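Coordinate inspection notes
The residues making up each chain are set out below.
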Amino acid sequence: MQTLTKAERLSSKVKIDKLLENGKSFHSGLFKIIWKETAEGAVPAQIVISVPKRLFKKAVDRNRLKRLTREAYRKNKNILYENLNNKKVLLILIYKAKKIVEYIEMEETIIIVLKKLSTTINS
């Protein structure tokens with residue numbers, strides 16, 4: 001199903017802080033990805049999308065990039081879900097590029113990120 005429910009969004013400050021402290025990370029295209037396996041949670045993956053104010057001063061630009069990233073993730077999250085094998089994962093996507101990209105490029109990058117994350121988790 002192609003939805004992004006409230007349960008799939010990581011909003012707990014405690015969990016986010018632990019993830020930033022102890023999470024594993026890698027860079028892929030436009031993003032820095034920080035992830036960590038967890039035992040708790042009702043959904044296979046919980047996600048936070050971040051666009052730094054340091055790179056994009058205007059809230060309009062940050063919100064657009066977050067919206068594009070959310071949409072690309074929502075449409076392609078099944079790539080990750082199919083390869084988790086009953087594992088649960090917390091995930092932060094931090095946008096690192098200094099330019100605003102079109103949706104097509106965003107979606108291609110998200111697909112690459114999700115495939116790389118899937119292989120990293122299962123290895």
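Residues numbered from 1 in each chain as written. Predicted model: local features only at pLDDT ≥ 70, side-chain atom pairs only at ≥ 80, totals over all residues. Heavy atoms only, no water.

For the protein chain, the helix and strand inventory stands at 4 helices and 4 strands. Mapped in sequence order, the helices and strands of the protein chain form the string α-β-β-β-α-α-β-α. Over its C-alpha atoms the protein chain spans a radius of gyration of 14 Å, differing by no more than 12% from the 14 Å that the globule rule assigns to 123 residues. Along the first, second and third principal axes, the C-alpha atoms of the protein chain reach 40 × 30 × 25 Å. The buried share among the 123 residues of the protein chain stands at 41%. The contacts in the protein chain between residues at least 6 apart in sequence include a share of 81% that link residues at least 24 apart. Looking at the protein chain as shown, the accessible area adds up to about 7,100 Å², and 52% of this sits on carbon and sulfur atoms. (Helix = DSSP H or I, 4+ residues; strand = E, 2+ residues; numbered from the N terminus. Rg over C-alpha atoms; globule rule 2.2 N^0.38 Å. Buried < 20%, exposed > 50% of the residue type's maximum accessible area, 1.4 Å probe, protein only. Contact = heavy atoms within 4.5 Å. Areas by Shrake-Rupley, 256 points an atom, 1.4 Å probe, with all protein chains shown as cover.)

To continue, consider the packing of aromatic side chains. Going through the model one piece at a time under the given rule, you end up with 2 aromatic pairs. Centre to centre, the rings of Phe31 and Tyr95 are 5.6 Å apart; their planes meet at 80 degrees, and the pair counts as edge-to-face. Here Phe31 is found in strand β2 (residues 31-38), whereas its partner Tyr95 is found in strand β4 (residues 88-95), with 64 residues between them in sequence. Accessibility expressed as a relative area gives 0% for Tyr95, which makes it buried. Ring centres 5.9 Å apart and planes at 55 degrees place the aromatic pair Phe56 and Tyr95 in the tilted group. In this pair, Phe56 is assigned in the loop between β3 (45-50) and α2 (59-76) and Tyr95 in strand β4, connecting sequence segments 39 residues apart. A relative accessible area of 6% means that Phe56 is categorised as buried. One aromatic cluster is present, built from ring pairs that chain together Phe31, Phe56 and Tyr95. (Phe/Tyr/Trp six-rings, centres within 6.5 Å; stacked < 30°, edge-to-face > 60°.)

Turning our eyes to something else, we now look at the sheet that holds β4. Ordered by their spatial adjacency, 4 strands build an open sheet running β1-β2-β4-β3, and the pairing between neighbours is mixed. What marks the edges here is a single partner per strand, and that holds for β1 (24-28) and β3. Across the sheet, the axes of successive neighbouring strands diverge by a mean angle of 20 degrees, strand direction being ignored. The pairing of β2 with β4 spans 8 bridges and is classified as antiparallel. Pairing of Trp35 across the sheet is with Leu91, part of β4. Together, β2, β3 and β4 form the strand contacts of α2, whose direction differs from that of β3 by roughly 155 degrees. Sheet strands in contact with helix α4 (residues 103-122) are β1, β2 and β4, and its direction is about 35 degrees off that of β2. (Pairing = 2+ DSSP bridges. Axes fitted to C-alpha atoms, helices over the stretch in contact; angles between N-to-C directions.)

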